[in-house]
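Structural features, examined
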Amino acid sequence: MTSMILAGGLSTSLATVAEEQEDTKKAKSDVEVIEVKGFRGSLNRALFEKRQTVNNKETIMSEDVGKFPDLNLTESLQRVTGVAISREGGEGRQVTLRGLSPSYTRTTLNGMEVPGSSDGTDSGGGINTGRGFDFNIFASELFNRIDIQKSPTASMEEGGIAGTVDLYSAKPFDKPGLQVVASGQGGYNDVTGEIDPRLAFMVSNTFADDTVGVLFSLAQSDRTVRQEGFGTVRWTTPVEDGNLYTNTDSLTISGTPASNSCADKNGDVAHVANCLWTPRLPRPDFFGNEQDRLGFTGSIQWRPNDDLELTFDTLHSTLDNNRTMYNFFEQFRSTFDDITPVAITIADNGKQVEAGTFDGIKSRIESRQQISTTEFSQFVLSGKYIISDQLVLDGMIGSAKSEARSEQYRYNMTSIDSHRFSFDFSNNPNAPVTSYGYDVNDASNYNLTDGRLRAGDTVRDNTTAKLDLTYEMDEMTVRTGLAYNDREVNYYETEIKDFPDQDSATGFATDFPYSDFGDGFDGPLSSFTVADFGAIQSQLLDTMNDGNGIEWSVRIGSSWIVQEETTALYLEADKEFYFGDMVLRANAGGRYIDTTTTSTGYVPTGDSVDTVKISSSYDNFLPALNLALDVTEEIVLRFGASKSMTRPSLNSLNPGNPSFDYINGTVGTGNPNLEAMTSSNLDVGFEWYFAEESLVAVNFFDKEIDNEIERDTENKLVDPAYYDFINADDQYEAAISQDPFNTPFDHSIPLNKATKAVSGFEAVYQQPLSFLPAPLNGFGILANYTFVEPELNENGEGITGLSENSYNFTLYYEQENYGGRISMNKRDDYITDFSGSNGNVEHGTSGPTHVDVSAFYNLNENISFTVEIINLTDEHERLYTTGDGTLNLMREYNHTGTTVFFGARYTM
């Protein structure tokens, strides 16, 4: 593998200059060819791409054919400046770019937007119905390049205020000739004790004097995950809960409260115990996953002459996950008036119950089985035709579909009698010592009730067509083009009704299925009896409906369809200006987009269903200017000014299932008339390519976001689309109601109304330490830091999901036949919700520190051996709430362990 490095790190694009600049051109086109392989070679080629672009772009390149730097795409992305990732079940799922949530980042695959959804693999799981892309759908071996576009150009498709992530699968013309790659790995996780296989194969060849190329790749992996920990499902006070303790006369209190009393919701003075924050549902948690991922790509290329090239790409992927979830909680929630506190210890903050003993509590064991499948397929036909020396035509048409289904079987076993319960967080604020006043493993102590059997389906269809024309003039390049997209998301839920409750769980429960539950966890965990899914299926579900088994019924009020059609036209120009030895590369243009959405919701009205269909449209103009000034052969100054947009979350457009209050004149629903959020962006950067393969850079950015969506009240007339529903609604009585046909109602809906801002800077340092004496000259460093600061509103709230500080550090060592690297990724705590429930001001997540390790040894030119360690330190995940805004109370605390992969790779 080779890569072209210009002397002093100069970009090849600068070698094209006017004839009067012949001397400068000759100096700048002096090329040195350096063969750099492995991870260092990947960084080197990515740096080359960054140097020659006009806009602010980062690139991740494969280390070799069919070998991406990491086992998961997000784990490669997290090393990019400004990127933070979220992991589920120990594996990366979504990305946050420059502090903005995943829904602000647009993701494309082979030139078209990716409609990818999957189900979760941990306690935060659930089918993704938003715009954020789930990167864990795909195996990394299927890709050879990722571009992260931080500042837009007019020719880029719109949709990402934070930026765009472009994924590219391998193609046969990338490396002509016969290429065969096969790899196999086995991954051992110290929590599951399982060995999971991971296999990949790729074959590529070109024929007929390299005018025809064919490539096929396949990647398959099994993954077993166990997330184990303790949770509280938020904290609350009896006052906030609205139910005060039944009796506090004999209560023993240790510690000093911040206040001796507080007012309940009626304004009456409440005992101090009712003012203290207490865990709502303290519980040991278990989430287990058996995951199977299969993907393959195919690519056919035809280049009959130098003027024409056609490419057909296809990618298919399936992700199946069988998840079991068990938790065992004590019910403080909504039952404080049944509970008698016996003794409590107040924490040093004076506001929290650190330890306590309580009478009159009931337990509940929740057992869930979730069977999820995601299927993705994409077909893209693209082509390039050189009409003349000056005119080039590019085009593509593609179709992509994602189908995600998740079936959930949830059963509750509630203790028949109340009992005494104690917890003590004094030795560990994240995992208490607990004590129960009965045998928690005796099934006869529980009933079996409230079976919730539901399924959710998300079907996404995307169709894209593009046509671009490039005109090369002597001193300027002009591009124009059209793009059409038709996106449709269909979400619907089904359920199994009338679960037969049982007075006793005997015969429907079993021992906890893992004898080593809690081993390796940072705190005490004890097992408990759980539901027997097989017994419930055979004895209860199969006998329903007169012995005909279960029937799924549509939950019509929870179903919706959104179709979005967009047409875009752009015009942009590239030109270089010369000021002595300095070269200014300029890219400027504008993009016009017309968006039409058709939102369909369903409204149950007795035995019938009304369909509500509402269409809306809006247009946007997005100008973009990008400047790159090559001050010297080593120094580049960048400037970008642009406008970008992100369309509203798809599920917020649902017009179905409204809640009308005709007496008070109110209605709550989604808002199919939402428009896109827009952002005015500014980027200023400095890059110093001070040595070969080396960079020091700083980039400042600012985003002013308008039309941000917040739920609020708008007074307006009811949309005529709801008239049929109103006339059929039993609650509507014209004689005593406000007239919904002629009187404005207060609509509680999501609205385009907020203005938010985020600014910050990024710094990066990259250098191979080749100046050191051998063997130390194999070391290299890649480090970056990002600071992001949101503008706070009048309530002191900023942007959810934003970590103020994040950084990545990688130390690598490579020689010709062996090498390795260690990478650390760290981000600050971040708030996930500024309107926390149960009286909590905020919900947040503690910023994790993840350490990953990779190493290789080349036995010969064809065979190499690898070791990959994911989450070396077994970083525990911690979610928290802030109570009254001043506290840090554990909401969830869990771990998934460390995974070690041993593998071998064959290349021909």
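For the structure, check the block above.
Conventions used here
Residues numbered from 1 in each chain as written. Predicted model: local features only at pLDDT ≥ 70, side-chain atom pairs only at ≥ 80, totals over all residues. Heavy atoms only, no water. Helix = DSSP H or I, 4+ residues; strand = E, 2+ residues; numbered from the N terminus. Rg over C-alpha atoms; globule rule 2.2 N^0.38 Å. Buried < 20%, exposed > 50% of the residue type's maximum accessible area, 1.4 Å probe, protein only. Contact = heavy atoms within 4.5 Å. Areas by Shrake-Rupley, 256 points an atom, 1.4 Å probe, with all protein chains shown as cover. Lys, Arg positive; Asp, Glu negative; His and termini not counted. Charge placed at Lys NZ, Arg CZ, Asp CG, Glu CD. Core = buried A, V, L, I, M, F, W, Y, C linked by side-chain atoms within 4.5 Å. Pairing = 2+ DSSP bridges. Axes fitted to C-alpha atoms, helices over the stretch in contact; angles between N-to-C directions. Expected span 1.5 Å × (residues − 1). Polar contact = N/O pair within 3.5 Å; in protein donor to acceptor, adjacent residues only side chain to side chain. Salt bridge = Lys/Arg side-chain N within 4 Å of Asp/Glu carboxyl O.

Attention shifts here to the overall build of the chain. Regarding its fold elements, the chain presents 7 helices and 49 strands. Here the C-alpha radius of gyration of the chain, 30 Å, is about what a compact globule of 908 residues would show, namely 29 Å. Expressed along its principal axes, the backbone C-alpha trace of the chain runs to roughly 95 × 70 × 60 Å. The burial tally for the chain puts 55% of its 908 residues in the buried class. Pairs at least 24 residues apart make up 74% of the contacts formed inside the chain by residues separated by at least 6 positions. Counting only carbon and sulfur atoms, one obtains 50% of the accessible surface of the chain, whose full area is about 36000 Å². Across the chain, 66 positive and 136 negative side-chain charges occur, with their mean positions spaced 3 Å apart.

Ranked by size, the top nonpolar core spans 54 residues in total, and within it Phe358, Tyr411 and Ile536 carry the most contacts. Of all elements in the fold, only strand 19 (308-330), strand 20 (340-346), strand 21 (353-361), strand 23 (391-414), strand 24 (419-424), strand 29 (530-531), helix 5 (533-541) and strand 48 (889-895) reach the threshold of two or more residues within this core. With 4 residues, the single largest contributor to this core is helix 5. If near-sequence neighbours (up to four positions away) are discounted, phenylalanine 358 is found in contact with Tyr245, Phe332, Ile339, Thr340, Pro341, Val342, Ile344, Val353, His419, Arg420, Phe421 and Phe423. Judged by nonpolar contacts, the second largest core, of 41 residues, contains Tyr104, Ala139, Ile161 and Leu315.

Another point: the sheet that holds strand 14 (residues 252-254). Across the sheet, which stays open at both edges, the 5 strands sit in the order 14-20-21-24-25 with mixed pairing between neighbours. Because the sheet does not close on itself, it has two edges, and the strands there are strand 14 and strand 25 (433-436). Ignoring which end each strand starts from, the neighbouring axes of this sheet average 10° apart. Two strands pair when backbone bridges link them, and strand 24 and strand 25 are joined in this way by 4 bridges, in the antiparallel orientation. Residue pairing in the sheet places phenylalanine 423 in a bridge with threonine 434 of strand 25.

What follows deals with the pairing of strand 23. Bridging between strand 22 (residues 363-386) and strand 23 involves 23 bridges; their strand directions are antiparallel. The partner of leucine 381 across the bridge, within strand 23, is isoleucine 397. Between the end of strand 22 and the start of strand 23, which pair antiparallel, lie 4 residues. Across 21 bridges, strand 23 lies against strand 26 (residues 449-472) in antiparallel orientation. When the sheet's bridge partners are listed, arginine 410 is paired in strand 26 with arginine 452.

Let's shift gears to helix 2 (residues 38-52). When the terminal C-alpha atoms of helix 2 are compared, their 22 Å separation across 15 residues agrees well with the 21 Å that a helix rising 1.5 Å per residue should span. In terms of burial, helix 2 is largely enclosed, as 13 of its 15 residues are buried.

By secondary structure assignment, the location of asparagine 671 is in the loop between strand 36 (666-668) and strand 37 (677-688). A polar side-chain atom of asparagine 671 sits 3.0 Å from the main-chain amide nitrogen of asparagine 673. Sequence-distant contacts of asparagine 671, defined by excluding residues within four places in its chain, comprise Ser652, Leu653, Asn654, Ile749, Pro750 and Leu751.

Right, let's get into the pattern of salt bridges. Side chains that carry opposite charge are capable of pairing whenever their charged atoms lie near each other. Across all of its chains, the model carries 49 salt bridges by this definition. Across the salt bridge formed by arginine 452 and aspartate 450, the nearest N and O atoms sit 2.9 Å from each other. Bridged by salt links that share partners, the residues Lys50, Glu58, Arg98, Lys150, Arg638, Asp683, Glu687 and Glu762 form one connected network.

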